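# Per-entry structural report
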Amino acid sequence: MISASATQAASEVRVVFGRVKRRLKELAESDDLTPSQSSMLSRLDKDGPASASELAAAERIRPQSVAAILSALRAADLIQRHPDPTDGRRQVVSLTTAGRHRLQGDRKVRQEWLAQTLQDQCTEAERQTILKALALLDHAIEAAADR
């Protein structure tokens, strides 16, 4: 049986994270990108160049959906395709300089807003509590993923 405190904590985390996510999304310059396109850019930045099938598997979406997303990102000059060095029949997708700059700019704006908000609205002790709580949450999620 799940305790009342675990249920309440789960609900509060979901609600607060949802609010934070929405606010950070509002701050992003890439508001002309769909969530799927933004996610694809972030994945390429985090994991590096990949084939369309690798991206489909990583994002857990259909290959046809990946093709449409990549086409839009290519049209915006945010990604580039080049032959796979180990298999010339395959194409590998990577970020362009413009794609990398776009992501970095969005991240910087969001990071600065959140840091300023925490600076203005929380005491040092409260910020330390937030850091400890996030570390505990991260540990719990990692432990659950390993099961």
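Quick look at the structure, then. (Residues numbered from 1 in each chain as written. Predicted model: local features only at pLDDT ≥ 70, side-chain atom pairs only at ≥ 80, totals over all residues. Heavy atoms only, no water.)

All right, on to the overall build of the protein then. Each helix and strand in the protein was counted, giving six helices and two strands. Its C-alpha atoms give the protein a radius of gyration of 19 Å, more than 25% over the compact-globule value 15 Å for 147 residues. Over its C-alpha atoms, taken along the principal directions, the protein stretches across nearly 55 × 40 × 25 Å. Considering the protein as a whole, with its 147 residues, one finds that 24% of them fall into the buried category. Within the protein, contacts between residues at least 6 apart in sequence are counted, and of these 48% link residues at least 24 apart. Summed over all atoms, the accessible surface of the protein reaches about 10,500 Å², with 55% contributed by carbon and sulfur. A gap of 4 Å separates the mean positions of the 22 positive and 20 negative side-chain charges of the protein. (Helix = DSSP H or I, 4+ residues; strand = E, 2+ residues; numbered from the N terminus. Rg over C-alpha atoms; globule rule 2.2 N^0.38 Å. Buried < 20%, exposed > 50% of the residue type's maximum accessible area, 1.4 Å probe, protein only. Contact = heavy atoms within 4.5 Å. Areas by Shrake-Rupley, 256 points an atom, 1.4 Å probe, with all protein chains shown as cover. Lys, Arg positive; Asp, Glu negative; His and termini not counted. Charge placed at Lys NZ, Arg CZ, Asp CG, Glu CD.)

Turning our eyes to something else, we now look at helix 4 (residues 63-75). The first and last C-alpha atoms of helix 4 sit 18 Å apart over 13 residues, in line with the 18 Å expected at 1.5 Å per residue. Burial in helix 4 covers these residues: Val-66, Ile-69, Leu-70 and Leu-73. In a view along the axis of helix 4, the buried residues occupy a sector of 100 degrees, so they form one face of it. Every exposed residue of helix 4 that faces more than 90 degrees away from the buried side is listed here: Gln-64 and Ala-75. Looking at the buried side of helix 4, the elements it contacts are helix 2 (35-47), helix 3 (52-59), strand 1 (79-83) and strand 2 (91-95). Where helix 4 terminates, the next one or two residues include Asp-77, which has phi positive at roughly 60 degrees. (Expected span 1.5 Å × (residues − 1). Arc of directions from axis to C-beta.)

Looking now at helix 2. With 13 residues, helix 2 should reach 18 Å at 1.5 Å per residue; the first-to-last C-alpha distance of 18 Å fits that figure. Those residues of helix 2 that fall on the buried side of the exposure criterion are Gln-37, Met-40, Leu-41 and Leu-44. For helix 2, the angular spread of buried residues about the axis comes to 100 degrees, placing them on one side. What points out from helix 2, more than 90 degrees from its buried face, is the exposed set Pro-35 and Lys-46. Gly-48 occupies a position one or two residues after helix 2 and carries a positive phi of about 90 degrees.

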